[in-house]
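# Architecture and fold: a report
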Amino acid sequence: MFERSSGILLHPTSLPGKYGIGTLGKEAFVFVDFLKKSNQKLWQIFPLGPTGYGDSPYQSFSTFAGNPYLIDFDLLIEENLLSQSDLEGISFGENPESVDYGAIYNQKYPLLRKAYENYKNTKENKEREELKYLFEEFKAHNQSWLNDFTMYISLKNHFNGLPWNEWPEDIKSRQHDAMGKYYEIVKEEVEYQKFTQFLFFKQWNAVKKYANENGIKIIGDIPIFVAADSSDAWANPEIFLFDEERKPVKVAGVPPDYFSATGQLWGNPLYNWDKLKETGYRWWIDRVKANLSTCDIIRIDHFRGFDEYWAVPYGDKTAENGTWCPGPRMDLFNAIRNELGELPIIAEDLGTMTQGVIDLRDATGFPGMKILGFAFDSSEENEYLPHTYDKNCVVYTGTHDNDTIVGWFEKAKPEDRKFALEYLNSRDENNIHWDAIRGAWSSVASIALAPIQDFLGLGSEARINTPGIAAGNWQWRLKDRLSDDLAEKIAHLTKLYSR
């Protein structure tokens, strides 16, 4: 069980700054300082992997790689990999409160390539020798995933962005001769991609080190499934339910329910758990180990899938015709724990819970999640109301899939608003966000978390993601809204409830 503590949910892309998207430079360190002033011990983020179409951190090209969008240019200027003149006249987007991913894509990669060319072409000196040593050390330490990812992303660029299952047959199936032939074609691109990964992890590790030195732990995030178009699926086809042509046999989703008559068809490839078991769950152990090197605690998304997962025939247009299949259950977590020791994991156990999922969560000892935004259905009492919690859980006012507390309150039914106000002993509707935070902080839950939007009392305009909506997500940015007064107010609440 985790110690009694609290923290703030904010993905680095939402940080303020001058490069159109939050980065791992000055603003990340300023946010750590804000967390410390606020007496917070936790900073929760989304997955850090490189994103593609839709810009979702939950659909990444790799479960091991980092997102080049987060690389900070000021730090590259300090290392003489770029000059200030390289950035003159470049627009990374016009709105400081929203990420323009098109502008970021078009502007960031040419500058990162210039940084790589400058690295290669600078005459040897002490500073460059040290950077070269660190780069070589990074490549050696991470080759288990780095070689596959950088080959994959380089080939993806070579084939004009096509997903790997539409590449020529020989390289799609990673035939030995083809791997050698295509490597000769893209080897310079591969080295550039390795360099960008080096820069990302160099900057991220500095942020994490600073956070840890200031008593703050990072909560990361692992989606249970990987994207179909990812280096994970291309490089490890044997651990997924693929046919001989490397097409999925079945894909992930969830069945029809109250919210969707046809279910949700996610389309992610499903794991071949029998094959994974034969390997001692090596890929999963490596995945958890890698994430625990970049974060201190991991939230695993869709924990239910380890007990049972909904398998939908490939090619179906909806998730209606799926079937429940058994997951690896405790066998997987025993294997991971045997190698890595006790696991600082939070189980995302939201949605319809079966006894099997409850038993699995309890057997692991992982805390589950409670969402305060789900609590105030006046027609029935539910497990999200704070008086029903046990200590071994994590309470959120909301997550990336929820509206803000203010946004929820404005849209809620009158009877639900009335119930929330009464339950939270709220005397002023305008303070509903603070009353909700107080409800979370005062609960017995071992960890309490809230998105920064709720501390700021922002409405639906600050929502970062709306499930089921393909466009317009993951764009919200913090701007310069943090203040000492806000930090003092959060710190007081945190001290009051011994977090």
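Here's what I pulled together on the structure shown here. What you see is a predicted model, and the numbers here were worked out from it, not measured in a lab.

### Overview of the overall build of the chain
Of the regular secondary structure elements, the chain holds 17 helices and 12 strands. For the chain, whose C-alpha radius of gyration is 23 Å, the value lies close to the compact-globule estimate of 23 Å for 499 residues. The principal-axis extents of the C-alpha atoms in the chain amount to approximately 70 × 55 × 40 Å. Out of the 499 residues in the chain, the part that is buried amounts to 55%. Counting contacts in the chain only where the partners sit at least 6 residues apart, residues at least 24 apart contribute 72% of the total. If you sum the accessible surface of the chain, you get close to 22,000 Å²; carbon and sulfur atoms cover 48% of it. Here the chain contributes 54 positive and 74 negative side-chain charges, whose respective centroids are spaced 3 Å apart.

### Digging into helix α10 (residues 282–294)
Over its 13 residues, α10 extends 19 Å from the first C-alpha to the last, a length consistent with the 18 Å expected when each residue adds 1.5 Å. Of the residues making up α10, those classed as buried are W283, W284, I285, R287, V288, N291 and T294. Buried residues along α10 sit against α7 (176–213), β3 (217–223), α8 (231–235), α9 (273–278), β6 (297–301) and α11 (330–340).

### Things to note about the environment of Q475
Among the structural elements, Q475 can be located in the loop between α16 (452–455) and α17 (484–496). As a C-alpha pair, Q475 and V394 span 81 residues in sequence and 26 Å in three-dimensional space. For Q475, the residues in contact, after removing those within four places along its chain, are E97, S98, V99, Y101 and I464. One polar contact links Q475 to S98, side chain to side chain, over a distance of 3.5 Å.

### A few points about empty space enclosed by the protein
Applying the stated rule across the entire model yields three cavities of 30 Å³ or more. In this structure, the largest cavity spans a volume of roughly 150 Å³. Lining the largest cavity are 18 residues, with T399, H400, P451, Q453 and I464 sitting closest to its centre. The computed volume of the second largest cavity comes to approximately 80 Å³. H11, T13, P47, G49, T51, D55, P57, N67, Y69, Y101, I464 and W474 together form the lining of the second largest cavity. Looking at the lining of the second largest cavity residue by residue, the class counts come to six nonpolar, five polar and one charged.

### Things to note about the environment of V249
Inspection of the secondary structure puts V249 in the loop between α8 and β4 (250–254). In this structure V249 comes out as partly exposed when scored by relative accessible area, which is 44%. Considered as a pair, V249 and G315 are 66 residues apart in the sequence and their alpha carbons are 9.0 Å apart. Leaving out residues up to four positions away in the same chain, V249 has contacts with L241, F242, D243, P313 and Y314.

### A word on the layout of surface pockets
The computed volume of the second largest pocket comes to approximately 1,000 Å³. Taken together, 49 residues form the lining of the second largest pocket, with N142, F201, N205, S293 and T294 sitting closest to its centre. Considering each element in turn, the lining of the second largest pocket owes the most residues, eight residues, to α10. Looking at the lining of the second largest pocket residue by residue, the classes come out as 24 nonpolar, 14 polar and 11 charged.

### Section: the pattern of salt bridges
Taken as a whole, this structure holds 31 salt bridges when the rule is applied. The salt bridge partner of E117 is K120, with a shortest N-O separation of 3.6 Å. Highlighted residues: E117 and K120, both in helix α3 (residues 101–121), separated by three residues, approximately one helical turn. On the basis of relative accessibility, which here comes to 28%, the residue E117 falls in the partly exposed class. The salt bridge partner of R361 is D349, with a shortest N-O separation of 2.8 Å. In this pair, R361 is assigned in helix α12 (residues 355–364) and D349 in the loop between β9 (345–347) and α12, connecting sequence segments 12 residues apart. Each member of the pair, R361 together with D349, is buried. In this structure, a network of salt bridges that share partners links the residues E97, K479 and R481.

### What about the side chain of K172?
Mapping K172 onto the fold places it in helix α6 (residues 169–172). Polar side-chain contacts of K172 include one of 3.3 Å to the side chain of E169. Within the structure, K172 has its side chain in polar contact with the backbone oxygen of E245 (distance 3.4 Å).

### Focus on the side chain of S446
Looking at the element boundaries, S446 is found in the loop between α15 (432–441) and β12 (447–451). For S446, a relative accessible area of 4% gives the class buried. Residues in contact with S446, not counting those within four places in the same chain, are M1, F2, E3, R4, S5, K391, C393 and R499.

### Some points on the pairing of β3
The buried fraction of β3 is high, at six of seven residues. As paired strands, strand β2 (residues 42–44) and β3 are joined by three bridges and run parallel to one another. Counterpart to W43 in the pairing with β3 is I218. The pairing of β3 with β6 spans five bridges and is parallel. Directly across from P223, in β6, lies its bridge partner D301.

### Points about the pairing of strand β7 (residues 308–313)
Relative to β7, β4 is paired through four bridges, and the arrangement is antiparallel. By the bridge assignment for β7, A252 is matched with A311. Where β7 lies against strand β8 (residues 323–326), four bridges are found, and the strand directions are antiparallel. Within β8, the residue paired with A311 across the bridge is T323.

Calculation notes
- Residues numbered from 1 in each chain as written.
- Predicted model: local features only at pLDDT ≥ 70, side-chain atom pairs only at ≥ 80, totals over all residues.
- Heavy atoms only, no water.
- Helix = DSSP H or I, 4+ residues; strand = E, 2+ residues; numbered from the N terminus.
- Rg over C-alpha atoms; globule rule 2.2 N^0.38 Å.
- Buried < 20%, exposed > 50% of the residue type's maximum accessible area, 1.4 Å probe, protein only.
- Contact = heavy atoms within 4.5 Å.
- Areas by Shrake-Rupley, 256 points an atom, 1.4 Å probe, with all protein chains shown as cover.
- Lys, Arg positive; Asp, Glu negative; His and termini not counted.
- Charge placed at Lys NZ, Arg CZ, Asp CG, Glu CD.
- Expected span 1.5 Å × (residues − 1).
- Polar contact = N/O pair within 3.5 Å; in protein donor to acceptor, adjacent residues only side chain to side chain.
- 1 Å grid on protein atoms, 1.4 Å probe; cavity = no way out; pocket = protein on both sides within 12 Å on 5 of 7 lines; lining within 4 Å.
- Points joined across faces, edges and corners; volume = space filled by probe spheres on them.
- Nonpolar A, V, L, I, M, F, W, Y, C, P; charged D, E, K, R; others polar.
- Salt bridge = Lys/Arg side-chain N within 4 Å of Asp/Glu carboxyl O.
- Pairing = 2+ DSSP bridges.

In short, geometric facts, not functional conclusions.
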